[in-house]
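Chain by chain, the residues:
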Amino acid sequence: MTVISMTTTGFKEVKPLSNGGKIFTVGVIFAGVLAMAYTGGRAAQILIESQIFRRRRMDKKMQKLSGHYIVCGYGRMGKQICDGLKKNGAKFIIVEKDEAKIDVMREKGFLYVIGESSNDEVLKSAGIKNAKGIVTVTHSDAENVFTALSAKQLNPKIYVISRAVDEGSETKLLKAGVDRVVKPFEIGGSRMVQLLLRPKVTDFIEGIARKENINIGLEEIEVVEFSPLVGQSLSESPIRKELNIIVVAIHKANGDFEYNPSARTKIMANDQLIAIGKNEDLEKLVRLCQETK
């Protein structure tokens, strides 16, 4: 009788009830309904609070980020980009409008913002003003264009990379302020040609880029203004003789590239060194380029 009363099943009584039994049954029904309502409410409260607390923790992490990257679109290409950034230890935030992908991003421990990437408020939530770069790989060229426009308006110095879905969209993306336009089919075709003609060279370069099965890296390192390397020539610096690192090229502050620089080439502030060497030695060079005298 207690079970069928509390669950409001509605079967008939097991045996006729007296007036006292009927009053007792009413009390059992009220107590059962209230108990189930309280339990369900508490469960919902715990679930909602856990979601809110998780979101707050994520928001706090995102607010502390600076010099990070923003990935707009978590599709097939977006997943590859995020996995690559994570493997290289880079900080990034995903902007994705499809809420169905939340579980996947959460399982991987990625920071994310749900919304349209072309929306200024969404980009602000992703820390656009403190971001170093943004890559737009949504399924729409129009959305990529608007995202680039919004990003450049909010942070004129940000580096923007965008995927071109259609052949004729590259010009529009460049006019929107995109620094580099990537055309997947063109890159895929070029890579296949290189694999046909120079498979070993391609494997070596890709191994360096992915840092897989090889303890050699290729890095782009900025020399800060007060680095002890500023004013030294390559032969005077410890880059070659102590760290055994080869400087392949130097991107000067004025935009010029100096390929295969000579030993007499001087290192200047804000130079970008394109260097190849062992990963642990490159880490030492990064510290040397970015420390102050």
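The residue numbering used here restarts from 1 in each chain and proceeds along that chain's sequence as written. Side-chain atom pairs in this predicted model are given and counted only at pLDDT of 80 or more, local residue features only at pLDDT of at least 70, and totals for whole chains, interfaces and linings cover all residues. Calculation of side-chain values draws on the structure's entire complement of heavy atoms; hydrogens and water are dropped beforehand.

Q: Help me understand the pairing of strand S4 (residues 133-136), please; the structure alone is not making it clear to me.
A: It is a general feature of regular strands that their side chains alternate between the two faces of the sheet. Here's how the labels work: a residue is buried when its accessible area is under 20% of the maximum for its type, exposed when over 50%, partly exposed in between, all with a 1.4 Å probe on protein chains only. By the criteria applied, helices consist of DSSP H or I runs no shorter than four residues and strands consist of E runs no shorter than two, each listed in order from the N terminus. The alternating pattern of S4 places Gly133 and Val135 and Ile134 and Thr136 on opposite faces, both of which are buried. Pairing between strands is defined by DSSP: at least two bridges between the two strands are required. Across four bridges, the pairing between strand S1 (residues 69-72) and S4 is parallel. Along S4, the bridge assignment pairs isoleucine 70 with isoleucine 134. Alignment of S4 against strand S5 (residues 159-163), held across four bridges, turns out to be parallel. By the bridge assignment, isoleucine 134 is partnered in S5 with valine 160. If the strands point away from the viewer and the path from the first strand over the helix to the second runs clockwise, then the crossover is right-handed. Considered for its hand, the β-α-β crossover made up of S4, helix H6 (residues 141-154) and S5 is right-handed.

Q: How should I be thinking about the sheet that holds S1 in this particular structure?
A: What links the strands of a sheet is backbone hydrogen bonding, and the strands pair in either a parallel or an antiparallel sense. Ordered in space as S3-S2-S1-S4-S5-S6, the six strands form an open sheet in which the pairing is parallel. What marks the edges here is a single partner per strand, and that holds for strand S3 (111-114) and strand S6 (180-182). The average angle at which neighbouring strand axes cross in this sheet is 20°, direction not considered. Packing of helix H3 (residues 76-87) onto the sheet brings it into contact with S1, strand S2 (92-96), S4 and S5, and relative to S1 it is tilted by some 160°. Its contacts with the sheet place H6 against S1, S4 and S5, and it is angled at close to 175° to S5. To obtain each axis, a line is fitted to C-alpha atoms, and for helices this fit is confined to the stretch in contact; angles are then taken between N-to-C directions over 0 to 180 degrees. We call two residues in contact whenever any of their non-hydrogen atoms come within 4.5 Å of each other.

Q: Any chance you could explain the side chain of glutamine 272 here in plain terms?
A: Along the chain, the position of glutamine 272 falls in strand S10 (residues 272-278). The class of glutamine 272 is buried, set by a relative accessible area of 17%. Setting aside residues no more than four positions away along its own chain, glutamine 272 makes contact with Glu220, Ile221, Glu222, Ala249, Ile250 and His251.

Q: Would you take a moment to explain the pairing of S1 for this structure?
A: Both S1 and S2 contribute to a ladder of four bridges, which runs parallel. By the bridge assignment, tyrosine 69 is partnered in S2 with phenylalanine 92. Crossover connection from S1 via H3 to parallel S2: handedness right-handed.

Q: Help me understand the packing of aromatic side chains, please; the structure alone is not making it clear to me.
A: Two numbers describe a pair of aromatic rings. These are the distance of the centres and the angle of the planes. When two rings of Phe, Tyr or Trp (its six-membered ring) have centres within 6.5 Å they constitute a pair, described as stacked for plane angles under 30 degrees, edge-to-face for angles over 60, and tilted for the intermediate range. What the rule picks out here adds up to three aromatic pairs. Centroid distance phenylalanine 92 to phenylalanine 110: 5.1 Å. Interplanar angle 65°. Geometry classified as edge-to-face. Of this pair, phenylalanine 92 sits in strand S2 while phenylalanine 110 sits in the loop between helix H4 (102-107) and S3, and the two are 18 residues apart along the sequence. Note on phenylalanine 92: relative accessible area 9%, which makes it buried.

Q: Where do I start with the sheet that holds S10 in this structure?
A: Read across the sheet, four strands follow the order S7-S10-S8-S9 without closing on themselves; strand pairing throughout is antiparallel. Of all strands in the sheet, those with a lone pairing partner are strand S7 (216-222) and strand S9 (257-259), marking the two edges. Averaged over all pairs of adjacent strands, the angle between their axes in this sheet comes to 20°, without regard to strand direction. Bridging between S7 and S10 involves seven bridges; their strand directions are antiparallel.

Q: Can you walk me through a nonpolar patch on the surface in this structure?
A: In this scheme, patches are assembled from residues that exceed 30% relative accessible area and form no salt bridge. Like charges are connected within 9 Å, while nonpolar side chains (Val, Leu, Ile, Met, Phe, Trp, Tyr) are connected within 5 Å. Throughout, the Shrake-Rupley method with a 1.4 Å probe supplies accessible areas, and for residues the shown protein chains are the sole cover considered. For salt bridges, the criterion is a side-chain nitrogen of Lys or Arg within 4 Å of an Asp or Glu carboxyl oxygen. Together, Met1, Val14 and Leu17 make up a nonpolar patch on the protein surface, roughly 260 Å² of accessible area in all. Inspection of the secondary structure puts methionine 1 in the segment before helix H1 (2-6). Residue methionine 1 is classed as partly exposed on the basis of its relative accessible area of 35%.

Q: Sorry, what's going on with the nonpolar core here?
A: One recurring pattern in soluble globular proteins is that nonpolar side chains are buried together. Counting 38 residues, the largest nonpolar core has Ile70, Cys82, Ile93, Ile94, Ile128, Ile134 and Ile158 as the members making the most contacts within it. Not counting residues up to four positions away in its chain, the partners in contact with isoleucine 94 are Val71, Tyr74, Cys82, Met105, Phe110, Leu111, Tyr112 and Val113. Of all hydrophobic cores here, the second largest spans 16 residues; its members include Ile221, Leu229, Ile245 and Leu282. Take the buried residues of types Ala, Val, Leu, Ile, Met, Phe, Trp, Tyr and Cys, join any two whose side-chain atoms come within 4.5 Å, and each joined set is a nonpolar core.

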